[in-house]
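Listed below, chain by chain, are the residues.
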Amino acid sequence: MKTRKAVFIEGHIVANRRLGETCQPFCIHSVMFSNGKYAIVRADSGICFNPGDIIQRYDCEWFFHDQKIHLLPFQYIKENESLRQLSEYET
């Protein structure tokens, strides 16, 4: 029987951008992960992270300041693609 190894990863918020309507804003974030990959990330709850903030994944759950959060699906991309997508993202 195989034992499951716990997976831990950190994501450092590089930049953010506030979008959406005035009454329903949301934020997207360029994130650099501890595995050297980048992504454009959006929290399901509408949380806006600030540059320098750290999100963490332990097994299959994401946390911010020890509180569980839910991130919308994302894909790992290269750093330059992450910055391009952040600047060109439209609602």
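(A) Focus on the state of the cysteines. Counted under the stated rule, the structure contains 1 disulfide. Cys27 shares a disulfide with Cys48; S-S distance 1.8 Å. With the S-S bond torsion at 85 degrees, the cross-link from Cys27 to Cys48 turns out right-handed. Of this pair, Cys27 sits in strand E2 (residues 24–33) while Cys48 sits in the loop between strand E3 (38–41) and strand E4 (54–58); the two residues are 21 residues apart in sequence, bridging distant segments of the chain.

(B) Representation of the pattern of salt bridges. Applying the stated rule across the entire model yields 3 salt bridges. Between Lys68 and Glu61 there is a salt bridge; the shortest N-O distance is 2.8 Å. In this structure Glu61 comes out as partly exposed when scored by relative accessible area, which is 34%. Residue Arg84 pairs with Glu88 through a salt bridge whose shortest N-O separation is 2.4 Å. Of this pair, Arg84 and Glu88 both sit in helix H1 (residues 79–88), 4 residues apart, which is roughly one turn of the helix. The class of Arg84 is partly exposed, set by a relative accessible area of 37%. The exposure class of Glu88 is partly exposed, given its relative accessible area of 46%. Each of Glu81, Arg84 and Glu88 takes part in a single network of salt bridges with overlapping partners.

Reading the values: the criteria
Residues numbered from 1 in each chain as written. Predicted model: local features only at pLDDT ≥ 70, side-chain atom pairs only at ≥ 80, totals over all residues. Heavy atoms only, no water. Disulfide = S-S within 2.5 Å. Helix = DSSP H or I, 4+ residues; strand = E, 2+ residues; numbered from the N terminus. Salt bridge = Lys/Arg side-chain N within 4 Å of Asp/Glu carboxyl O. Buried < 20%, exposed > 50% of the residue type's maximum accessible area, 1.4 Å probe, protein only.

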